[in-house]
Amino acid sequence: MISLVSAMRKAVLALMLASLPVAVMVPACAATATAEQQQEQVLLKKKKAAEAKKAAEAKKAAEAKKAAEAKKAAEAKKAAEAKKAAQAKKRADARKAAAARKLAEARKAEARQQPATTCRGFFGCLLSSKPRASVRRASAVGEARDVPTGEDISWAKAGQYAPGSLVISTPERALYLVTGPGEARRYRVGVGREGFQWSGTSSIVSKAEWPTWRPPEQMIRREAAKGHHLPSVMAGGPENPLGARALYIGGKIYRIHGTNAPGSIGGAVSSGCIRMMNADVIELYERVEIGAKVYVYQ
């Protein structure tokens, strides 16, 4: 009996000893799992922080690049505007210098066509004293001078035409040289008298300096009927009615030309041609290209 009890105790003790390591190992495994999870969470947080930092740096770099591009574009725009302004000033100075030069030429031409004396009739010349060579003849009362009339203006209609086009408004007695969108240079002109006014679209086909005048046959006959005998041809010069320059309009017998009668500018006096001051037509001659469009409106 005692042996049986002893055996049972040993069995119980063996069972207890067998179960003891299991009881001890379970908490150790749980603790290890918790530590690994915490380590994973720490690593995940570090990874997210690194990604967030990288994204922030990329955003900052993109903004810096965008700001640098905007600054570069602004500087390029400023440089382009400065270049454009410099070019515009250069053109304006060149036009001013050209206008001054052409005015001087026109005045010289006017001086060449003035009579040597101011006397009238044989006895008047006989009794008058001869003027000094350096003194110009005084202009008669009301006599116009050949002076430039061109002025740069803002013109809303300029957008309807290509730069370089010529637009002639008969009612305004004005010729517009389109220089850009909303911009033009306006000149005073003389236009055809009643019955000789016209309208249409053409182009400049040729140009000439101090052009030769060949009056059309119908003009010669018309003037002959009035007792005025016109030459069939007249060499260019200060006394030539075509003045210092002529721009020939394609498909027409008409021209845009200078004049030896500056007082006619602003009137309706010609046989259809467009008259300009010599100073103006010299300037226009330099600025208008062959092929430029011409628009004439009544």
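Structural notes, computed from the coordinates. A quick note: this is a predicted structure, and the numbers were derived from the prediction, not measured.

## A word on the sheet that holds strand β2 (residues 166-169)
Step number 1: Sheet architecture is open: nine strands sit in the order β1-β4-β3-β2-β11-β6-β7-β8-β10, paired in mixed fashion. Here the strands that pair on one side only, and so sit at the sheet edges, are β1 (151-154) and β10 (274-275).
Step number 2: Looking at chain direction, strand β8 (residues 255-257) and β10 are connected through two bridges and run parallel. Note on β10: the bridge partner recorded for H257 is R275.

## Focus: the packing of aromatic side chains
Step number 1: Taken as a whole and assessed by the stated rule, the structure comprises four aromatic pairs.
Step number 2: Between the aromatic rings of Y161 and Y295, the centroid separation amounts to 4.8 Å while the plane-to-plane angle is 55°, which identifies the pairing as tilted. Here Y161 is found in the loop between β1 and β2, whereas its partner Y295 is found in strand β11 (residues 293-297), with 134 residues between them in sequence.
Step number 3: With relative accessibility at 11%, the residue Y161 sits in the buried group.
Step number 4: Between W198 and Y254, the ring centres sit 5.0 Å apart and the planes meet at 20°, which makes this aromatic pair stacked. Taken as a pair, W198 in the loop between β5 (191-192) and β6 (200-209) and Y254 in the loop between β7 (245-249) and β8 lie far apart in primary sequence, 56 residues in all.

## Brief notes about the side chain of T149
Step number 1: By the secondary structure assignment, T149 is in the loop between α2 (122-127) and β1.
Step number 2: Overall, T149 belongs to the buried group, its relative accessible area being 18%.
Step number 3: Here the side chain of T149 touches R188 through a polar contact of 3.0 Å, landing on its backbone nitrogen.
Step number 4: Reaching out from T149, the side chain makes a polar contact with the side chain of D280 at a distance of 2.6 Å.
Step number 5: In contact with T149, not counting residues within four places along its chain, are R186, Y187, R188, M277 and D280.

Each value, and the rule that gives it
Residues numbered from 1 in each chain as written. Predicted model: local features only at pLDDT ≥ 70, side-chain atom pairs only at ≥ 80, totals over all residues. Heavy atoms only, no water. Pairing = 2+ DSSP bridges. Helix = DSSP H or I, 4+ residues; strand = E, 2+ residues; numbered from the N terminus. Phe/Tyr/Trp six-rings, centres within 6.5 Å; stacked < 30°, edge-to-face > 60°. Buried < 20%, exposed > 50% of the residue type's maximum accessible area, 1.4 Å probe, protein only. Polar contact = N/O pair within 3.5 Å; in protein donor to acceptor, adjacent residues only side chain to side chain. Contact = heavy atoms within 4.5 Å.

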